[in-house]
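# Chains, contacts and geometry: an overview
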Amino acid sequence: MSRGARGRIFPPVKIMKPKKPIESLILNLRNQKVILDADLAELYDVPTYRFNEAFKRNRQRFPDDFAFQLTAKEFADLRSQMTAANSSQIAMSSSQAAENEGSAPNWSQFVTSSKRRRGAAYRPWAFTEHGALMAANILRSERAIEMSLYVIRAFVKMREQLAANAAILKRLAEIDKT
């Protein structure tokens, strides 16, 4: 227990962590880093259909640069990529799979599910960093608020890694010229 500024006693803060690495859920679509609605719903510990209901009720809070729905072609491409990723994981030996565990998400649920029975009529929504934060605000649950911090930190970490990689590539190009 800890004491606040006015002597009030507060219970210890329980830190929640995501079930899988958030970085593995972030995709690059339309030249933006995004996370899909079903993945956000799982992180925020709400059913996908409830997440989408809250999103639709508050659609005015999400401009196009915060959230967009995948086109039928984008969704088909994404499903085929995930199916290919799963089949290559199945082909790996158990030792290779143990080494690479956590580096690629298990997308079999995504391919087959409403994730369950999600067809062309139910294309997923993609949320940018700002959209993911706004989604936590409309859900108003403790889990959503806590997990939004992890989501934002994951986006920031990826942005920093991209900047570092760009700097390294620039330096290598300078070395090649000499």
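None of these values were measured; they are calculated from a predicted model. Numbering of residues begins from 1 in every chain and follows the order in which that chain's sequence is written. Residue-level local features of this predicted model are given only where pLDDT is at least 70; pairs of side-chain atoms are given and counted only at 80 or more, and the full residue set underlies all totals for whole chains, interfaces and linings. To get the side-chain values, take all heavy atoms of the structure and skip hydrogens and water.

Moving on, we come to the sheet that holds strand 5 (residues 67-69). Here, strands pair whenever DSSP counts at least two bridges between them. Helix and strand labels come from DSSP, where a helix needs a run of H or I of at least four residues and a strand needs a run of E of at least two; each type is numbered from the N terminus. Across the sheet, four strands lie side by side as 3-4-6-5; this open sheet has antiparallel pairing. Of all strands in the sheet, those with a lone pairing partner are strand 3 (27-29) and strand 5, marking the two edges. The average angle at which neighbouring strand axes cross in this sheet is 45 degrees, direction not considered. Sheet analysis places strand 5 next to strand 6 (residues 125-127), joined by three bridges and oriented antiparallel. Each residue of the ladder has a partner; that of Phe 68, found in strand 6, is Ala 126. Inter-axis angles, ranging from 0 to 180 degrees, are taken between N-to-C directions of lines fitted to C-alpha atoms, where helices are fitted over the stretch in contact.

The term salt bridge refers to a side-chain nitrogen of Lys or Arg lying within 4 Å of a carboxyl oxygen of Asp or Glu. This structure, assessed with the given rule, holds seven salt bridges. Residues Glu 53 and Arg 50 are paired through a salt bridge, measuring 2.8 Å at the closest nitrogen-oxygen approach. Pair noted here: Glu 53 and Arg 50 are both in helix 2 (residues 48-57), with a separation of three residues, about one helical turn. Throughout this description, buried means an accessible area under 20% of the type-specific maximum (1.4 Å probe, protein chains only), exposed means over 50%, and partly exposed covers the range between. Looking at Arg 50, the relative accessible area reads 43%, which means it is partly exposed. Across the pair Lys 73 and Asp 77 runs a salt bridge, and its minimum N-O distance is 3.0 Å. Placement of the pair is Lys 73 and Asp 77 together in helix 3 (residues 72-91), with a separation of four residues, close to one helical turn. With a relative accessible area of 34%, Asp 77 lands in the partly exposed category.

Right, let's get into unusual backbone geometry. The backbone of Asn 31 shows a phi angle near 60 degrees, a positive value even though the residue is not glycine. You can see Asn 31 is positioned in the loop between strand 3 and strand 4 (32-36). Overall, the relative accessible area of 76% leaves Asn 31 in the exposed class. Positive phi, normally seen in glycine, also occurs at Asp 45, with a value near 60 degrees. Relative to the assigned elements, Asp 45 resides in the loop between helix 1 (37-43) and helix 2.

Looking now at helix 2. All of the buried residues in helix 2 are Thr 48, Phe 51, Asn 52, Ala 54 and Phe 55. Angular distribution of buried residues about the axis of helix 2 spans 160 degrees; they occupy a single face of the element. Every exposed residue of helix 2 that faces more than 90 degrees away from the buried side is listed here: Lys 56 and Arg 57. In this description, contact between two residues means that some pair of their heavy atoms is separated by no more than 4.5 Å. Looking at the packing, one finds that the buried side of helix 2 touches helix 1, strand 5, strand 6 and helix 6 (129-139). The arc in question is traced by the directions running from the helix axis to the C-beta atoms.

Packing of helix 2 against helix 6 leaves a shortest axis separation of 10 Å and a crossing angle of 95 degrees. On the basis of their axis angle, the class for helix 2 and helix 6 is roughly perpendicular. Contact with helix 2, carried on its side by Phe 51, Ala 54 and Phe 55, involves Ala 135, Ile 138 and Leu 139 of helix 6 and no other residues of that element. For the contact of helix 2 with helix 6, the residue count by class is six nonpolar, no polar and no charged. Each angle gets one of four labels, with under 35 degrees taken as roughly parallel, over 145 as roughly antiparallel, 65 to 115 as roughly perpendicular, and the rest as oblique. Side-chain classes are defined by residue name, with Ala, Val, Leu, Ile, Met, Phe, Trp, Tyr, Cys and Pro counting as nonpolar, Asp, Glu, Lys and Arg as charged, and the others, Gly among them, as polar.

Once that is clear, we can look at the confidence of the model for the protein chain. When pLDDT is averaged along the protein chain, the result is 76, and 69% of the positions lie at 70 or above. Per-residue confidence from the prediction method is given by pLDDT, with values spanning 0 to 100. Note that residues 93-115 has pLDDT below 50 and, in this model, 32 contacts with residues that lie over four places away or in other chains.

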